[in-house]
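Close look at the chain arrangement
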Amino acid sequence: ENFWIQQTGLPLKPVFDQYLRTTQIPTLEYTNNGTNMSLRWTNVISGFEMPCLLLLKDGSRKWVKVTEQPVSIKLDAGFDRWDPNMYCNYKEVK
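Definitions and limits used
Residues numbered from 1 in each chain as written. Predicted model: local features only at pLDDT ≥ 70, side-chain atom pairs only at ≥ 80, totals over all residues. Heavy atoms only, no water. Pairing = 2+ DSSP bridges. Helix = DSSP H or I, 4+ residues; strand = E, 2+ residues; numbered from the N terminus. Axes fitted to C-alpha atoms, helices over the stretch in contact; angles between N-to-C directions. Salt bridge = Lys/Arg side-chain N within 4 Å of Asp/Glu carboxyl O.

Alignment of strand 3 (residues 50-56) against strand 4 (residues 61-66), held across six bridges, turns out to be antiparallel. Of the residues in strand 4, the one forming a bridge with Pro51 is Lys65.

Spelled out as structure tokens, the structure:
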């Protein structure tokens, strides 16, 4: 862990704590109205933050820094699907 934290300079301790020291699978809660999305992590330890990759309808990709607090983003192209490499649950909030 320390190697990756030192080499990347990223605050990865909460990510390691979440995935290695709990059985909780993070849930990415989101709302989507076509051109705007709001995202936040739930079922996570305090201080957890991890970016997620959105795959858009025009074939482009967008990285979004997501925390426990909702973050709103505007999309130039509509949301298509999630990156299949993310180990988490997804929950659309209507």
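Sheets are built from strands that pair by backbone hydrogen bonding, the pairs being arranged parallel or antiparallel. Read from one edge of the open sheet, four strands run 5-2-1-7, paired in mixed fashion. What marks the edges here is a single partner per strand, and that holds for strand 5 (71-74) and strand 7 (89-92). When the angles between neighbouring strand axes are averaged without regard to direction, this sheet yields 25 degrees. As paired elements, strand 1 (residues 27-32) and strand 2 (residues 36-42) share six bridges and run antiparallel to each other.

Overall, the coordinates contain eight salt bridges when judged by the stated rule. One salt bridge connects Glu29 with Arg40, and the closest N-O pair in it is separated by 3.1 Å. With a gap of eleven residues between them, Glu29 in strand 1 and Arg40 in strand 2 connect regions that are remote in the sequence. When the shortest N-O distance is used, the salt bridge between Arg81 and Asp80 registers 2.7 Å. Each member of the salt-bridge network shares a partner with another, and the members are Glu1, Lys13, Asp17 and Arg21.

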